[in-house]
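# Tertiary structure, described
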Amino acid sequence: MADDRIRNIFSSLRLAEDPRVSLDVEAPQAPAGRVYTLNPTTGRPLASVRLDSKDETLGAIAASTDAFKRWREVPAPERGQVVRAIGERLRSFKEPLGELVTLEMGKLRSEGLGEVQETIDIADFAVGLSRQLPGQVFPSERAGHRMFEQWLPLGPIGVITAFNFPNAVWGWNAMLAAIAGDTTIWKPSLFAPLVAIATNHVADEVATEMGHPGVFSLVIGTDDEVGETLVQDKRVPLISATGSCRMGRHVSQNVAARLGRCLLELGGNNAVIVEPDADLDLAIKSILFGSVGTCGQRCTSTRRLLLHESIADDFEARLASAFAQVRLGDPLESDTLVGPLVHSAAQDQFLSALDAAKEQGAEILAGGRKAEVNGSDGQPLGGAFVHPALVRAPASGDLPIAMDETFAPILYTFRYKTLEQAIDMQNSVDQGLSSAIFTSTIAASERFLAPSGAGSDCGLAYVNTGTSGAEIGGAFGGEKDTGGGRESGSDAWKAYMRRQTCTINFGGDFQLAQGIEFG
Ligand code: UN1
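A brief look at the structure comes next. (Residues numbered from 1 in each chain as written. Predicted model: local features only at pLDDT ≥ 70, side-chain atom pairs only at ≥ 80, totals over all residues. Heavy atoms only, no water.)

## Looking at the sheet that holds strand β4 (residues 137–138)
Heads up, the condition is: Criterion used throughout: strands pair if DSSP finds at least two bridges between them. We count a stretch as a helix when DSSP gives it H or I for four or more residues in a row; a strand needs E for two or more, and each element gets its number in order from the N terminus.
If you walk across this open sheet you meet the 3 strands as β4-β5-β22, and the pairing is antiparallel. Since the sheet does not close on itself, it has two edges, and those belong to β4 and β22 (497–505), each with one partner. Two strands pair when backbone bridges link them, and strand β5 (residues 145–153) and β22 are joined in this way by 9 bridges, in the antiparallel orientation. Within β22, the residue paired with Met-147 across the bridge is Thr-503.

## Quick word on the side chain of Arg-79
Just so we agree on the cut-off: Any residue under 20% of the maximum accessible area for its type is buried, any over 50% is exposed, and the rest in between are partly exposed; the area is computed with a 1.4 Å probe on protein chains only. Only four residue types enter the tally: Lys and Arg on the positive side, Asp and Glu on the negative side, with His and both chain ends excluded. The working definition used for a salt bridge is a side-chain nitrogen of Lys or Arg within 4 Å of a carboxyl oxygen of Asp or Glu. Two N or O atoms form a polar contact when they lie within 3.5 Å of each other; inside protein one atom must be a possible hydrogen donor and the other a possible acceptor, and for residues adjacent in sequence the pair counts only when both atoms belong to side chains. Note on contacts: a residue pair qualifies if any of its non-hydrogen atoms lie within 4.5 Å across the two residues.
Looking at the secondary structure, you find Arg-79 in helix α3 (residues 76–92). Summary of buried charges: Arg-79 has no salt-bridge partner, and the nearest side chain of opposite charge, Asp-182, is 7.4 Å away. One polar contact links the side chain of Arg-79 to the main-chain carbonyl oxygen of Ile-179, over a distance of 2.9 Å. Excluding anything up to four places from it in sequence, Arg-79 contacts Trp-71, Arg-72, Val-74, Pro-153, Ala-178, Ile-179, Ala-180 and Gly-181.

## Focus: the packing of helix α1 (residues 3–12) against helix α4 (residues 94–105)
We count it as follows: Every axis in this analysis is a line fitted to C-alpha atoms, fitted for helices over the stretch in contact. Angles between the N-to-C directions lie between 0 and 180 degrees. Roughly parallel means an angle under 35 degrees; roughly antiparallel means over 145; roughly perpendicular covers 65 to 115; every other angle is labelled oblique. In a left-handed crossing the near helix is turned counterclockwise from the far helix by less than a right angle, and in a right-handed crossing that turn is clockwise.
In contact at an axis separation of 9 Å, α1 and α4 are set at 125° when each is read in the N-to-C sense. The pairing of α1 with α4 is recorded here as oblique in orientation. As for how α1 packs across α4, the hand of that crossing is left-handed. Two secondary-structure elements touch here, α1 through Arg-5, Ile-6, Ile-9, Phe-10 and Ser-12 and α4 through Pro-96, Glu-99, Leu-100 and Leu-103.

## Overview of the side chain of Ser-240
Tracing the sequence through the fold places Ser-240 in strand β9 (residues 238–242). Beyond its immediate stretch of four places on either side in the chain, Ser-240 contacts Gly-158, Val-159, Ile-160, Asn-173, Leu-263 and Glu-487.

## With respect to the packing of helix α10 (residues 280–292) against helix α11 (residues 312–325)
Just so we agree on the cut-off: Gly falls in the polar group here, along with every residue not listed as nonpolar (Ala, Val, Leu, Ile, Met, Phe, Trp, Tyr, Cys, Pro) or charged (Asp, Glu, Lys, Arg).
Orientation of α10 relative to α11, taken along the N-to-C sense of each, is 45°, at an axis distance of 11 Å. In terms of axis orientation, α10 runs oblique to α11. Crossing of α10 against α11: the hand is right-handed. On α11, the residues that touch Leu-280, Asp-281, Ala-283, Ile-284, Ile-287, Leu-288, Ser-291 and Val-292 of α10 are Phe-315, Arg-318, Leu-319, Ala-322 and Phe-323. Grouping the constituent residues of the contact of α10 with α11 by class yields 10 nonpolar, 1 polar and 2 charged.

## Here's the deal with the sheet that holds strand β18 (residues 460–463)
Backbone-to-backbone hydrogen bonds pair the strands of a sheet. The strands run either parallel or antiparallel. One open sheet accounts for 7 strands, arranged β13-β14-β15-β12-β11-β17-β18; its pairing is mixed. What marks the edges here is a single partner per strand, and that holds for β13 (363–366) and β18. Each strand of the sheet is rotated relative to its neighbour by a mean of 25°, with strand direction disregarded. As judged from the 4 bridges shared by strand β14 (residues 389–392) and strand β15 (residues 410–416), these two strands associate in the parallel manner. Bridge pairing links Arg-392 to Thr-413 in β15. Seen against the sheet, helix α13 (residues 419–426) touches β11 (270–274), β12 (302–308), β15 and β17 (434–438) and runs at an angle of roughly 145° to β15.

## Description of the environment of Phe-438
On the secondary structure map, Phe-438 appears in strand β17. Assessed through its relative accessible area of 0%, Phe-438 is described here as buried. Distance from Phe-438 to Tyr-462, taken between C-alpha atoms, is 8.6 Å for residues 24 residues apart in sequence. Not counting residues up to four positions away in its chain, the partners in contact with Phe-438 are Val-272, Ile-273, Val-274, Glu-275, Ala-278, Leu-282, Ala-283, Ser-286, Asn-464, Thr-465 and Gly-466.

## Topic: the pattern of salt bridges
Summed over the entire model, instances satisfying the criterion amount to 28 salt bridges. A salt bridge links Lys-107 to Glu-115; its shortest N-O distance comes to 2.6 Å. A single burial state applies to Lys-107 and to Glu-115, both of which are buried. The partner of Arg-392 in a salt bridge is Glu-363, with the nearest N and O atoms 3.2 Å apart. Taken together, the positions of Arg-392 in strand β14 and Glu-363 in strand β13 put the pair 29 residues apart, joining distant regions of the chain. Judged by relative accessible area, Arg-392 falls into the partly exposed class, the value being 24%. Linked through salt bridges whose partners overlap, the residues forming this network are Asp-313, Glu-316, Glu-363, Arg-392 and Arg-415.

## Focus: helix α12 (residues 344–359)
Which entries qualify depends on this criterion: Expected helix span is computed as 1.5 Å times (number of residues minus one).
In a regular helix each residue adds 1.5 Å, so 16 residues correspond to 22 Å; α12 covers 23 Å between its end C-alpha atoms and thus fits that length. Those residues of α12 not exposed but buried are Ala-346, Gln-347, Phe-350, Ala-353, Leu-354, Ala-356 and Ala-357. Those residues of α12 hidden inside the fold are in contact with β13, β14 and β15. Where α12 ends, the next residue or the one after it, Gly-361, has phi of about 95°, a positive value.

## Section: the pairing of β11
Stated precisely, the cut-off is as follows: Classification remark: right-handed applies to a crossover when, strands pointing away from the viewer, the course from the first strand over the helix to the second runs clockwise.
Judged by how many residues are buried, β11 sits mostly within the fold: 5 of 5 residues are covered. Residues Asn-270, Val-272 and Val-274 line one face of β11 and the alternating positions Ala-271 and Ile-273 line the opposite face, and both faces are buried. Of the strand pairs in this sheet, β11 and β12 are connected by 5 bridges, and their pairing is parallel. Considered in β12, the bridge of Asn-270 is made with Thr-302. For the handedness criterion, the β-α-β arrangement of β11, α10 and β12 is classed as right-handed. Where β11 and β17 come together, 4 bridges link them in parallel fashion. Considered in β17, the bridge of Val-274 is made with Phe-438.

Next up, the structure:
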């Protein structure tokens, strides 16, 4: 990747002007108090970023609490106008910001742009919502009384995001929080701090220009110094955290200990069921994108494939040849289909999961190795590339490693005889984020989406479309170890507000509910 392309992205987003960022990456390790952020495509540092301390985090919480007291006084539709302007500014920065996503976490350029589009979409959605935030009205049992609920701003919200959606997941939270009257304190992943700096800069600059400084703030640092400080602080009523189940369990227990609220979006272990009557061409394309797209680094990536025994051999063979043909390469280049993993530790996890699979009796049908990928100059790029792996579970179906989420492009295939059995297998993991079925019959589709709840146990259920790539209009999130949170569309905004049930006695008589007589 040409250095002048990187320079252009940095200068469009004014990254070098940010006091946290240094472009001096000569030393083998970042100086104390700073981290290198790497380009996964080359494995080389892009910049170093200064880390915030615990004290600076406490300062950010105090400042955000002050800003909240001003921001909640701004009428919601006017808050919406600030979000509208942020969406507009993001539109004008879509290209460099999308390319920065690619540069810093390695997803394809079109996916990087798509991610910024997702933030723009949620901004549009939030603008409309800023004129609603509807509460309900209830009939009172007492004459001369009126009862209703209203939704009120909650406070400064701690937003902890992962490396894989370094822009959009902030957007889901921050845009809704902003129209709700909340401020946000964002702790991004240390693998994607530049995207966070550039993104927060856009939001903060627009809000400040419109007279609202402090609504969007950013703290970059370690889990111990920054994450823990946010989690423990009672001034932060809601922690919205995206990441591993292990992280979520820790956050949830600690926030619960102070009776705060959590919104968790944790791991997935998403399965696709392919029925014998399915459109198999459609299924292949969707499963390929779901499993190798974003190099298998979405929480919604397809990790398990449940094939009806009558089609399994042929389907596996077709998929194995598709896996073998995916073009690995520099994710900024338009003909690349699979970019690098985020870092070499992810590459090691990929390989050790495959070792475990083999030990447990599985067979590798395609890929499953490290890959050396050359750039357009013919030289090795140097990043953590792998050949996506298609792995057949043993005939017994017993493959413990497939119960874990490995954040890499590995797809395990299983065989089933009946749809009941397939649904049981799909629901047999700890996580409950996303699920899909390919079928052409209403009966199978309705069984999968059964109104009784006996079908898919996930937060997201798709028919004839893959497990990843949700639109922003619906609520996003999952059940069980995925954490139960819902972000993005539908009524997810309620998580960022507090509900108040109000009763007004306009008749003036003393009356008690439940017919109680007193005096
Ligand atoms: C994530 O991987 O954390 O549904 C979020 C999808 C995207 C969001 C993924 N819209 O795949």
